[in-house]
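Structural characterization, general
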Amino acid sequence: MTYQQHIFASVDETAGAVAELIRELTNARAELSQFFNLAVSGGSTPKLLFRMMADESFSADMRWEALRIFWVDERCVEPTHEESNFGMTYDSLLQHVKIPSENIFRMKGEDIPDNEAIRYADMLRHVLPAKEGYPVFDLILLGMGDDGHTASIFPDNMALLESEKTVAVATHPQSRQKRITLTGPTLRNAVRILFLVTGTGKANIAREILSQTQEAKKYPAAYIGTTAGISEWYMDKSVTE
Ligand code: 6PG
């Protein structure tokens, strides 16, 4: 795996760089009258990114009609629940910008998990191009938990890294909360994969992964890069010091 590391002085600068990249890629697609298909993760880290993208000074120059937004994973709760990834994205970004509602492809955490995993996989098959039987996103934005999980692929369920499914049901190892998640092959099929990792709490695991140590093999995030073997990591300097 080749880890392309982008290290910034602060969390704000890190999130700002990711926001700029998304705008640049989306606007380039808009010029070609094409969509930019982006899958986003949940958790606390993306919240800052989304708030930056919602700011008028940024949002005004974004071709929102060209952005189609999907989710990497979702907690099996109502969209209005405080733990909902969609709910967090809606509150911090979607309600503030002019993205067409038909460009928003929510995972329905409120539905029966097995049914929703099937529905979402079928939707992806109809909406996105495919390669080797899996959908192709233009960019997948991933986070990493402090146990080295990414998406909702946890260390106790590494089988999801190689699942034949496009979308699967996962269970959080501590809370036992059900999750809907894109699987490893779907993640790896993306044109670009970008990890947004900030804060000292993840520094040790990030260092193991980026150094490709034996220890790193315990962490799902270590296995996720494009089929070309590229994984882009955007971090603030506290992660790497
Ligand atoms: C989720 C996310 C998950 C997240 C990591 C990092 O649903 O929790 O998709 O994979 O990216 O847990 O979360 P933080 O940004 O909150 O550390």
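Counting starts from 1 at the beginning of each chain's written sequence and moves along it residue by residue. Under the rules for a predicted model, residues below a pLDDT of 70 receive no local features and side-chain atom pairs below 80 are neither given nor counted, while totals for whole chains, interfaces and linings still include all residues. Values shown for side chains rest on all heavy atoms present in the structure; no hydrogens or waters enter the calculation.

It is worth spelling out the sheet that holds strand 4 (residues 73-75) at this point. The pairing of strands in a sheet happens through backbone hydrogen bonds and is either parallel or antiparallel. Read from one edge of the open sheet, three strands run 4-10-9, paired in antiparallel fashion. If you trace the sheet from one side to the other, it starts and ends with strand 4 and strand 9 (167-171), each paired once. Here the strands of the sheet are splayed against their neighbours by 20 degrees on average, with no regard to which way each runs. Strand pairing is assigned whenever DSSP detects at least two bridges linking the two strands. Comment: elements are numbered from the N terminus, with helices defined as DSSP H or I runs of at least four residues and strands as E runs of at least two. Bridge count for strand 4 against strand 10 (residues 178-182) is three bridges, and the pairing is antiparallel. Paired with Arg-75 across the two strands is Arg-179, which belongs to strand 10. Those strands touched by helix 5 (residues 113-127) are strand 9 and strand 10, and its axis lies near 150 degrees from that of strand 9. Between N-to-C directions, angles span 0 to 180 degrees; the directions come from axes that are lines fitted to C-alpha atoms, helices contributing only their stretch in contact. In this analysis, two residues are considered to be in contact whenever any of their non-hydrogen atoms come within 4.5 Å of each other.

It is worth spelling out the pattern of salt bridges at this point. The term salt bridge refers to a pairing of a side-chain nitrogen on Lys or Arg with a carboxyl oxygen on Asp or Glu at a separation within 4 Å. Applying the stated criterion across every chain yields a total of 11 salt bridges. The shortest N-O distance in the salt bridge between Arg-192 and Glu-232 comes to 2.7 Å. One end of the pair, Arg-192, is in strand 11 (residues 192-197); the other, Glu-232, is in strand 12 (residues 230-236), with 40 residues separating them in the sequence. The classification of residues rests on relative accessible area computed with a 1.4 Å probe and restricted to protein chains. Under 20% of the type maximum is buried, over 50% is exposed, and intermediate values are partly exposed. For Glu-232, a relative accessible area of 5% gives the class buried. Note that Glu-215 is salt-bridged to Lys-218, the shortest N-O span being 2.6 Å. Under the relative-accessibility criterion, Lys-218 is labelled partly exposed at 45%. Put simply, Glu-31, Arg-63 and Glu-65 are held in one network by salt bridges that share partners.

What follows is about the packing of helix 2 (residues 45-54) against helix 4 (residues 85-92). Helix packing for two helices is described by the angle between their axes and how far apart those axes are. Relative orientation of the contacting elements helix 2 and helix 4 amounts to 30 degrees, with a least axis distance of 8 Å. Of the two elements, helix 2 crosses helix 4, and the hand of that crossing is right-handed. Between helix 2, through Pro-46, Lys-47, Phe-50, Arg-51 and Ala-54, and helix 4, the contact on the second element is made entirely by Met-88, Thr-89 and Ser-92. Split into classes, the residues belonging to the contact of helix 2 with helix 4 amount to four nonpolar, two polar and two charged. With the far helix as reference, a near helix turned anticlockwise by less than a right angle produces a left-handed crossing, and one turned clockwise produces a right-handed crossing. Three categories are distinguished: nonpolar for Ala, Val, Leu, Ile, Met, Phe, Trp, Tyr, Cys and Pro, charged for Asp, Glu, Lys and Arg, and polar for the others, with Gly belonging to the last.

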